[in-house]
Amino acid sequence: MARWLSWLLIPVMLGLGYLAGEHWLRPLVAPVDPATTVIQAPAGCELDARGCLMPVNGVEIRVRGPERIPPLERFALRLEGSTSLEPLEVSYIMTGMDMGLHRFEFEPEGSGHWLAESVLPVCMSGRMDWLARVRVRVDGRLYELHVPVLLRRE
Ligand SMILES: [Cu+2]
């Protein structure tokens, strides 16, 4: 085989490996309903008091948390949007690791605002990085907002 051809194979194989991971492995640890549009938080933001501002079908939704989230302590994940926003639930996962089910319901907190009381366990491996998957409906369509959650001890 020509040398240039074997070099060309490297990015192709890497690409195929990545696609296989995304399509077959990721759904195993974090299945997402195919009718759901996933919206990633903008780079650099996380679930803290500032939160993440995310555009969802013309509606600006802010996903906020408290100043600091220690493991095993209750905290509120807040959604601030408009009244056309219908929150469904939030579930928390750890990417690439089965941490069990951590799913919480939203309750209304005034016009266009909701909160979900949540609590996250200690990870035996010492990891503190979680991902909040906030499921909402806007104008009859399903969305899942992905927001990084970093736990911090005192
Ligand atoms: Cu873990």
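Residues numbered from 1 in each chain as written. Predicted model: local features only at pLDDT ≥ 70, side-chain atom pairs only at ≥ 80, totals over all residues.

1. Examining the environment of I39
Reasoning step 1: In this fold, I39 is placed in strand β1 (residues 37-40).
Reasoning step 2: Using a count of 19 C-beta atoms within 10 Å as the deciding quantity, one classes I39 as partly exposed.
Reasoning step 3: Between the C-alpha atom of I39 and that of R133, which follows or precedes it by 94 residues, the distance is 9.6 Å.
Reasoning step 4: Among residues more than four places away in sequence, those in contact with I39 are M54, V56, Y143, L145 and H146. (Helix = DSSP H or I, 4+ residues; strand = E, 2+ residues; numbered from the N terminus. Buried ≥ 20, exposed ≤ 12 C-beta atoms within 10 Å, placed from the backbone. Contact = placed C-beta atoms within 7 Å.)

2. Let's talk about the sheet that holds β1
Reasoning step 1: The mixed open sheet is built from five strands, whose spatial order is β1-β10-β9-β5-β6. Both outer strands of the open sheet, β1 and β6 (103-105), are each paired with one neighbouring strand and no more. Mean inter-strand twist for the sheet, computed between neighbouring axes without regard to direction, equals 25 degrees.
Reasoning step 2: Where β1 and strand β10 (residues 141-150) come together, four bridges link them in parallel fashion. Counted as the bridge partner of Q40 is H146 from β10. (Pairing = 2+ DSSP bridges. Axes fitted to C-alpha atoms, helices over the stretch in contact; angles between N-to-C directions.)

3. Notes on the sheet that holds strand β3 (residues 59-64)
Reasoning step 1: Strand order in this open sheet of five strands is β2-β3-β4-β8-β7, and the pairing throughout is antiparallel. The open sheet is flanked by β2 (52-56) and β7 (107-108), the only strands paired with a single partner.
Reasoning step 2: With three bridges connecting them, β3 and strand β4 (residues 75-80) associate as antiparallel partners. Pairing of R62 across the sheet is with E80, part of β4.

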